[in-house]
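Per-entry structural report
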Amino acid sequence: MRYKIVLHTVGRVILFEAALLLLPLAAALIYGESCAEAFIITILIAAALGFAVSRLCSGAEKDIFIREGFAIVSLSWISISAIGALPFVISGEIPSYIDAFFETVSGFTTTGASILTDVESMSRGLLFWRSLTHWLGGMGVLVFVMAIMEKVPDRSINILRAEMPGHSVDKLVPRSRSTAKILYYIYLALTVLEVVFLLCGGMPLYDSIVHALGTAGTGGFGIKADSIASYSHYLQWVITVFMLLFGVSFSLYYLILLRKWKAVLGSNELRCYLGIGFASFVIITINIYPMYGNIADAVRLSAFQVSSLLTTTGYATADFDLWPQLSKAVLFLLMFSGGCMGSTAGGLKISRIVVLAQSVRNELRRALLPRSVSSVKLNGRRLDPLEVKAVHSYFAIYLSVIIAVFLLISFEPFGMETNLSAAVSCVNNIGPGFHLVGPAANYAAYSGFSKLVLSLAMLLGRLEIFPMLLLFSPQLWSRR
Amino acid sequence: MKIVIVGCGKIGQSILKSLVQENHEIVAVDSDPDVINSITGNYDVMGVCAAGTHYKTLSDAMVQNAELFIATTGSDELNMLSCFLAKRMGAKHTVARIRGQEYSTENLKFIKQQLELSMVINPEQLTAQAIFNILKFPSAVKSETFTRRRFEMAELSVKPSSPLDGVSLSELRRRYSAAFLVCAVLRGGRAYIPGGSFVLEAGDKLGLLAAPEDMQKLLRGMGILQKSAKHVIILGGSRIARYLAEELIRSENSVKIIEKDEERCAELCGTLPDNAIVICGDGSDHELLTEEGLDRSDAFVALTGMDEENLLVAYYALGRRVPKVIAKISQDSYSDIGGQLGIDCVVSPKHITADLLVQYARALQNSLGSRIETLYSLMNGRVEALEFDVADDFACAGVAIKDLRLKPDILLAGLIRGEKTIIPGGDDVILPHDRVIVIAAGQRLCDLSDVIA
């Protein structure tokens with residue numbers, strides 16, 4: 001591996017984070033909060049570190065192959081999380097570094113799992129930073145860096161591939177940098193649109209921005225103890241719709257901009273995404289109707305919770321931990337599905353489910369008609385057997401990671417429901433789970449070790465396992 | 001500039017690589033998923049994996065907005081069809097690779113006109129032309145000419161026994177009375193634009209610019225002038241060999257082609273004029289080469305499909321003191337090995353084609369300013385020689401060259417004004433409608449005004 005180019009790029013990403021920290025600093029100064037000092041100190045540390053690393057490691061080697069792409073992405077994510085945690089610790093609002101690290105990883109990976117027991121007492125600058133990490137992490141930090149960089153290295157597609165959620169990243173336009181720009185423009189436009197809609201419903205500007213950032217990244221950090229529940233019904237519906245929108249592949253929005261309707265409608269991933277969402281919504285609405293005795297409330301709450309868990313956002317308007325078992329089971333299963341490929345959502349991704357379902361169908365058919373020939377199609381294209389195989393192995397590894405995380409946190413004296421849902425929730429970047437980590441509770445009770453394991457789980461889930469997992473492979477680090 | 005390339009074989013990839021370095025926005029189309037995967041992994045381009053003659057493929061590749069469309073699949077007809085479709089869909093310029101023998105010159109002219117092709121490329125013919133140029137002027141490793149042969153650019157290598165070894169450039173100027181300029185020197189993989197105090201060493205490769213008569217005088221003075229080759233032996237009966245033989249016979253040279261395959265031999269005999277001799281036999285057999293008069297020939301050209309065979313037989317011919325030995329290479333890495341073996345004259349069809357398209361693309365880019373008339377890449381692609389037609393509104397027209405603030409590694413090497421050729425000094429000026437020859441190392445010029453810092 002080429003260490004220099006890897007460290008050089010990581011250094012530049014840290015420098016970039018230092019620049020971004022100016023935004024929450026501005027927020028802190030506007031509200032006249034004491035956490036401004038913590039931001040200034042962090043910015044100085046990040047700038048010095050980033051400058052030193054990128055300077056020391058600038059060299060002639062420029063090639064980024066897939067190995068370097070993996071290493072750059074995973075190391076960048078770890079280092080920005082490590083540095084992003086500093087303001088919480090320095091300001092003293094989250095005294096333990098491990099807690100702050102967990103919170104920041106949860107932010108960047110758009111999980112939204114929190115260890116805060118009293119969100120409302122936090123200063124506004126820090127809460128803004130927490131939500132900003134969602135927004136950046138959603139589309140990808142390196143994708144952002146690439147969009148604003150003057151000259152991107154050749155083969156930079158390897159970075160995009162390692163960071164963008166999805167198994168096959170296609171470029172929208174010939175240049176990586178232009179592709180990254182288009183994605184961010186669409187992302188920004190949708191976010192601003194949501195802010196406008198929220199403002200129209202009478203939500204204060206600060207709240208609107210924070211919630212729009214949280215929705216856009218499909219993250220789920222809020223500023224209220226009861227998440228979104230205390231806002232008006234209109235606002236809840238706005239967030240429901242936007243969560244769904246951010247779970248759709250961004251290349252589809254680009255196709256819409258180009259007015260290629262046929263390609264949009266031909267996406268069986270989109271149809272499946274909406275189908276799963278709608279079916280879950282109907283089941284849960286019927287199931288919880290007796291609880292509320294009011295069809296309007298049942299529809300609203302069911303739609304919001306389904307949208308939130310399907311897109312792995314993690315906002316809540318009801319404590320679904322108290323819902324009937326059937327509804328809980330459906331929500332638990334929704335945690336696995338995730339959004340579409342190329343959206344900001346986490347999870348397994350709908351397109352993988354489409355592929356897996358077709359593989360199962362083909363296997364069954366082969367059992368009955370051994371000579372039958374079958375294929376797997378995604379969005380109107382026949383997939384290569386190797387691509388299908390890659391999805392199968394991803395599914396196996398994905399399950400192994402959930403099992404491993406579940407085992408590692410089972411040292412905690414909590415029930416199986418809590419631990420399993422915590423593991424599933426973190427790997428899929430959702431946030432809330434069930435029982436002790438349900439929407440009304442948080443992760444504060446876990447030990448430091450478990451918090452680190454869960455942080456790793458979140459990173460594994462966000463980067464689609466391979467980049468992080470390969471960090472532990474000695475082959476990645478060998479110079480040859 | 002938006003460019004679509006259909007067909008990413010050897011030639012296509014080489015064009016793609018050169019155009020990526022020129023910083024164009026490129027979409028590559030090929031029906032082989034492995035090829036597309038490797039291309040999108042290695043270059044910052046978009047890949048479309050499908051057949052290049054489908055409307056959907058072309059619209060996915062955004063042909064509507066493409067300024068240049070290049071079709072280089074292995075099939076002439078596919079290339080023509082996709083160029084035709086692309087043109088109708090809105091591509092501004094289309095280039096097709098057409099190399100079939102059945103497309104004679106008039107036929108091709110008609111096709112080009114009817115399909116509104118901007119250019120037809122035939123890599124084999126281009127290569128044959130390049131080899132022919134070398135054979136006509138064998139003193140140089142490579143030679144190129146600028147407008148109406150007013151200037152010649154020759155690449156020479158300095159051999160250990162050469163009179164140039166250890167001589168400084170200012171000394172060289174004193175020694176020979178001809179007007180010439182050493183534009184660039186390649187030493188140890190680095191290209192220099194040398195000043196007067198630069199001392200030449202054995203192993204250097206230099207680029208010389210002079211008017212043809214001065215060039216003759218200079219080379220004669222140095223004692224390295226070789227007569228143009230008369231008796232040429234060609235190894236391998238490929239398409240390039242056929243084009244080259246035709247060209248050589250047209251200018252009354254004797255040609256002998258050695259080819260293994262009997263059928264191919266018969267085919268060649270049928271198409272070539274009678275005075276071309278086709279020998280059916282294994283060219284790697286030394287006995288056969290001797291028998292066919294290798295020792296008495298003026299030049300030996302190895303054109304088989306195997307790089308290794310070309311290099312080895314060329315090396316053997318070099319040992320037999322054939323005055324001029326040329327080998328065709330398709331694999332990039334072999335051209336350095338050729339240099340180490342002493343075979344400094346290697347031609348690569350894909351590079352020749354890629355250079356032509358780079359020149360074409362760059363000329364399209366600056367259709368407003370001073371036009372690029374000719375572009376050559378020298379010193380294994382590290383240095384470029386460009387000929388500009390100075391525009392009416394050139395900002396620095398009439399300013400003495402010594403007062404121009406040129407960028408580093410730029411040299412104004414030659415001026416052509418009407419019938420006069422000038423190797424410019426500090427007091428010369430550039431006027432509108434002059435032709436200026438600019439040498440640039442390590443940078444890409446699109447317009448004459450780019451030379452000024």
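For the structure itself, consult the block above.
First, a word on scope: everything that follows refers to the structure included in this document. (Residues numbered from 1 in each chain as written. Chains lettered and ligands numbered in written order. Predicted model: local features only at pLDDT ≥ 70, side-chain atom pairs only at ≥ 80, totals over all residues. Heavy atoms only, no water.)

**Description of the pattern of salt bridges**
- A complete count under the given rule lists 33 salt bridges over all chains for this structure.
- With a closest N to O distance of 3.3 Å, E292(B) and K256(B) form a salt bridge. Within this pair, whereas E292(B) is found in the loop between α11 (286-291) and β15 (299-302), its partner K256(B) is found in strand β13 (residues 254-259), the two being separated by 36 residues in sequence.
- On the accessibility criterion, E292(B) (15% relative accessible area) is buried.
- One salt bridge in this structure joins R435(B) and E387(B), with 3.3 Å as the shortest N-O distance. Taken together, the residues span a long stretch of sequence, with R435(B) in strand β22 (residues 435-441) and E387(B) in strand β19 (residues 383-389) at a distance of 48 residues.
- Among the charged side chains, a network of salt bridges with common partners joins D321(A), K328(A) and E417(A). (Salt bridge = Lys/Arg side-chain N within 4 Å of Asp/Glu carboxyl O. Helix = DSSP H or I, 4+ residues; strand = E, 2+ residues; numbered from the N terminus. Buried < 20%, exposed > 50% of the residue type's maximum accessible area, 1.4 Å probe, protein only.)

**Considerations on the packing of helix α1 (residues 3-20) of chain A against helix α8 (residues 141-148) of chain A**
All names here are of chain A.
- Closest axis-to-axis distance for the α1/α8 pair is 11 Å, and the angle between their directions is 85°. In terms of axis orientation, α1 runs roughly perpendicular to α8. Here T9, V13 and F16 of α1 lie close against α8, whose contacting residues are V141, L142, F144, V145 and I148. (Axes fitted to C-alpha atoms, helices over the stretch in contact; angles between N-to-C directions. Parallel < 35°, antiparallel > 145°, perpendicular 65-115°, else oblique. Contact = heavy atoms within 4.5 Å.)

**Section: the packing of α1(A) against helix α2 (residues 22-30) of chain A**
All names here are of chain A.
- Relative orientation of the contacting elements α1 and α2 amounts to 20°, with a least axis distance of 4 Å. Regarding the angle of α1 to α2, the classification is roughly parallel. Along its contact with α1, which presents A18, A19 and L20, the element α2 presents L22, L23 and P24.
- Counted by class, the contact of α1 with α2 contains 6 nonpolar, no polar and no charged residues. (Nonpolar A, V, L, I, M, F, W, Y, C, P; charged D, E, K, R; others polar.)

**Quick word on unusual backbone geometry**
All names here are of chain A.
- The phi dihedral of T110 is positive, around 60°, even though this residue is not glycine.
- If you trace the backbone, T110 turns up in the loop between α6 (97-108) and α7 (124-139).
- Given the relative accessible area of 0%, T110 is considered buried.
- The phi dihedral of R259 falls on the positive side, at around 60°, and the residue is not glycine.
- Mapped onto the elements, R259 comes out in the loop between α13 (250-257) and α14 (261-265).

It is worth stressing that arrangement in space is one thing and function is another; only the former is reported here.
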